[in-house]
Amino acid sequence: TSGISNYVSSTGNVTILVMADKSHAGTNASKLWTNYVELRVHTNVSRYDFRTGAGEDKWAYWKQLTQNEFNSGSPTYPNGEFSQTAYEKINTSDDTRQDNVTDADGYYAAHRFNITILEEASDIRKINVTWEGRGWHDSGAGYHGAKLYIFNYSATSAPYYDELASTTSDQEQTLTGEITSGITNYISSTNNVTVLVNQTSAQTTGRNPYSHIWTDYVKLELHIGE
């Protein structure tokens, strides 16, 4: 409960040892068995972003989705995974970003983020999501903006995504929102949390048709305990 840094290596490792209290002597063997071991780190906030684990326990997907895909009940759209170069663009708040634009009518520019968490859902008292980026449309005023969502795994009808925050600006914005009740609804049976951000106007035919989204940084914070 004190001097915590003394027990964590410079590479983030904690080492546990269990040994029998008597050594081998003559024909008397020293024996030990392990049935289970658990290490719990008690913190107020656990942060997940793309500084580490991109493509391993955190994934980002790009380009676009339709309204039908949004309402499908499946948190799998859009489904083109970011490249490693794209992951590097969203790992810090530094004005480097992943930009995408639609290429078909009826599609909204969108980015989806899927994060596998380590915490037990019962230990979490609040989920906070923050996204930094920009959503805009070539059609101009009245078409700009972005919405930030989290997928509700317990929903039985559309919309399956719950809106966390929105903007109507065409400039880079920080959107943030939180869940403080029904926490387990937002965590899948495989401990995934799914976040979506989309530009608010679909691509349309005409002189200025395209929907654009970019992400500079995204993070998920879990508030633990009382």
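Residues numbered from 1 in each chain as written. Predicted model: local features only at pLDDT ≥ 70, side-chain atom pairs only at ≥ 80, totals over all residues. Heavy atoms only, no water.

Engineer: Mind showing me how you'd approach the pattern of salt bridges here?
Structural biologist: For side chains of opposite charge, pairing can occur when their charged atoms come near one another. In this structure the tally under the stated criterion is eight salt bridges. For Arg51, the salt bridge identified is with Asp49, shortest N-O distance 2.7 Å. Accessibility expressed as a relative area gives 43% for Arg51, which makes it partly exposed. Glu178 is paired through a salt bridge with Lys126; the nearest N and O atoms lie 3.6 Å apart. (Salt bridge = Lys/Arg side-chain N within 4 Å of Asp/Glu carboxyl O. Buried < 20%, exposed > 50% of the residue type's maximum accessible area, 1.4 Å probe, protein only.)

Engineer: How do you make sense of the side chain of Gln98 when you look at a structure like this?
Structural biologist: Among the structural elements, Gln98 can be located in strand β5 (residues 98–101). With relative accessibility at 12%, the residue Gln98 sits in the buried group. Polar side-chain contacts of Gln98 include one of 3.3 Å to the side chain of Asn100. Residues contacting Gln98, with those up to four places away along its chain left out, are Phe82, Ala86, Lys89, Ile90, His111, Ile213, Trp214 and Thr215. (Helix = DSSP H or I, 4+ residues; strand = E, 2+ residues; numbered from the N terminus. Polar contact = N/O pair within 3.5 Å; in protein donor to acceptor, adjacent residues only side chain to side chain. Contact = heavy atoms within 4.5 Å.)

Engineer: Looking at this model, I keep getting lost on a nonpolar patch on the surface. Mind explaining?
Structural biologist: Taken together, the side chains of Ile4, Tyr7, Val8, Val14, Ile16, Val18, Leu32, Leu39 and Val41 present a nonpolar region at the surface, about 910 Å² in accessible area. Mapped onto the elements of the fold, Tyr7 is located in the segment before β1 (45–48). (Patch = residues over 30% accessible without salt bridge, like charges linked within 9 Å, V, L, I, M, F, W, Y side chains within 5 Å. Areas by Shrake-Rupley, 256 points an atom, 1.4 Å probe, with all protein chains shown as cover.)

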